[in-house]
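Residues per chain are reported as follows:
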Amino acid sequence: MLTVKEVSKKFNISEYTLRYYTDENLIPSIKRDKNNIRVFDEESLNWLKTIICLRKCGMSIKSIKEYVDLCIIGDSTILQRLDIINSQKVIIDKKIQELKESSLFLEKKKDLYDDIIKNNKKDITNPNNW
């Protein structure tokens, strides 16, 4: 069993965020010790791993809560959970494409500046030099 402090360090999230997740019932298996302190077992850590991943993908707390609630209901909700995951996959794939395009743009700019510096060229990218 791990404490909030230990789990926050392990997953590199704030203690506040971790408490928020538990208060929002996103970790249904959370336990409390004799002093009513939150403690995390392996199942709780597995829920947290899922929540962190879904948040990194841009999923809202509301949607994560819906997903968790459907998981608790069980196998009869697999199609609904698949729909949630598929919808988020479309969103994240679009973001990945946008980031790839931005990365390519930056790479071209970097190459241009490298060329300017290496060959002592005039900076044609600066509006003052147009």
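Per chain, residue numbering runs from 1 following the sequence as it is written. The predicted origin of the model limits local features to residues at a pLDDT of at least 70 and limits the giving and counting of side-chain atom pairs to 80 or more, whereas totals for whole chains, interfaces and linings rest on all residues. Derived side-chain values reflect all non-hydrogen atoms in the structure, with water molecules and hydrogen atoms excluded from consideration.

1. Thoughts on unusual backbone geometry
Among all residues save glycine, negative phi is the norm, and among peptide bonds the norm is trans. With a phi close to 60°, Asn25 is a non-glycine residue in the positive phi region. The cut-offs for exposure are 20% and 50% of the maximum accessible area for each residue type, with area from a 1.4 Å probe on protein chains only; residues under the lower value are buried, those over the upper are exposed, and the others partly exposed. Relative accessible area serves as the criterion here: at 45%, Asn25 is assigned to the partly exposed category. Its identity as a non-glycine residue notwithstanding, Asn36 has a phi of 65°, on the positive side. In this structure, Asn36 sits in the loop between strand S2 (31-32) and strand S3 (38-40). Helix and strand definitions follow DSSP, with helices as H or I runs of at least four residues and strands as E runs of at least two, each counted in order from the N terminus.

2. Side note on the packing of helix H1 (residues 4-11) against helix H3 (residues 42-56)
Their axes nearest at 12 Å, the elements H1 and H3 cross at an angle of 45°. In terms of orientation, H1 lies oblique with respect to H3. H3 is crossed by H1, and the crossing has right-handed handedness. Mapping the contact onto sequence places Val7, Lys10 and Phe11 in H1 and Leu45, Leu48, Lys49 and Ile52 in H3. Classifying every residue of the contact of H1 with H3 gives 5 nonpolar, no polar and 2 charged. Here an axis means a line fitted to C-alpha atoms, over the contact stretch when the element is a helix, while the angle between two N-to-C directions is reported on a 0 to 180 degree scale. Note on angle classes: values under 35 degrees are labelled roughly parallel, values over 145 roughly antiparallel, values of 65 to 115 roughly perpendicular, and the remainder oblique. We call a crossing left-handed when the near helix sits turned anticlockwise from the far one by less than a right angle, and right-handed when that turn is clockwise. Note on contacts: a residue pair is in contact if any heavy atoms of the two residues lie within 4.5 Å. Charged means Asp, Glu, Lys or Arg here, nonpolar means Ala, Val, Leu, Ile, Met, Phe, Trp, Tyr, Cys or Pro, and polar covers whatever is left, Gly included.

3. Side note on the packing of helix H4 (residues 61-73) against helix H5 (residues 78-118)
Relative to each other, H4 and H5 sit at 155°, their axes nearing to 9 Å. Relative to H5, H4 is oriented roughly antiparallel. In the crossing of H4 with H5, the sense of the turn from one axis to the other is left-handed. Packed against H4, whose contacting residues are Glu66, Tyr67, Leu70 and Cys71, the element H5 presents Gln80, Arg81, Ile84 and Ile85 at the interface.

4. Some details on the pattern of salt bridges
Salt bridge, as used here: a side-chain nitrogen of Lys or Arg that lies within 4 Å of a carboxyl oxygen of Asp or Glu. Considering all chains together, one arrives at 8 salt bridges under this definition. The shortest N-O distance in the salt bridge between Asp41 and Lys31 comes to 3.5 Å. With Asp41 in the loop between S3 and H3 and Lys31 in strand S2, this residue pair connects regions lying 10 residues apart in the sequence. Its relative accessible area of 18% is what places Asp41 among the buried residues. Relative accessible area serves as the criterion here: at 35%, Lys31 is assigned to the partly exposed category. Two residues, Lys110 and Asp114, come together in a salt bridge whose shortest N-O distance is 2.8 Å. Pair noted here: Lys110 and Asp114 are both in helix H5, with a separation of 4 residues, about one helical turn. When its relative accessible area of 38% is taken as the criterion, Asp114 is described as partly exposed.

5. As for the sheet that holds strand S1 (residues 2-3)
Strand order in this open sheet of 3 strands is S1-S3-S2, and the pairing throughout is antiparallel. The open sheet terminates on both sides in strands that have one partner only, identified here as S1 and S2. Inspection of the sheet shows S2 paired to S3 by 2 bridges, in the antiparallel sense. What sits directly across from Arg32, in S3, is Arg38. Any two strands with at least two DSSP bridges between them are considered paired.

6. A word on H3
One less than the number of residues in a helix, times 1.5 Å, gives the span that helix is expected to have. Look at H3: 21 Å from first C-alpha to last across 15 residues, which is about the 21 Å you get at 1.5 Å a residue. Among the structural elements, S1, H1, helix H2 (15-23), S3, H4 and H5 are those in contact with the buried residues of H3. What qualifies as a polar contact is a pair of N or O atoms within 3.5 Å, subject to a donor-acceptor requirement within protein and to the restriction that residues adjacent in sequence count only when both atoms come from side chains. The opening residue of H3, the one whose side-chain oxygen lies 3.3 Å from the backbone nitrogen of Glu43, is Asp41. Once H3 finishes, Gly58 follows within two positions and takes phi at roughly 95°, a positive value.

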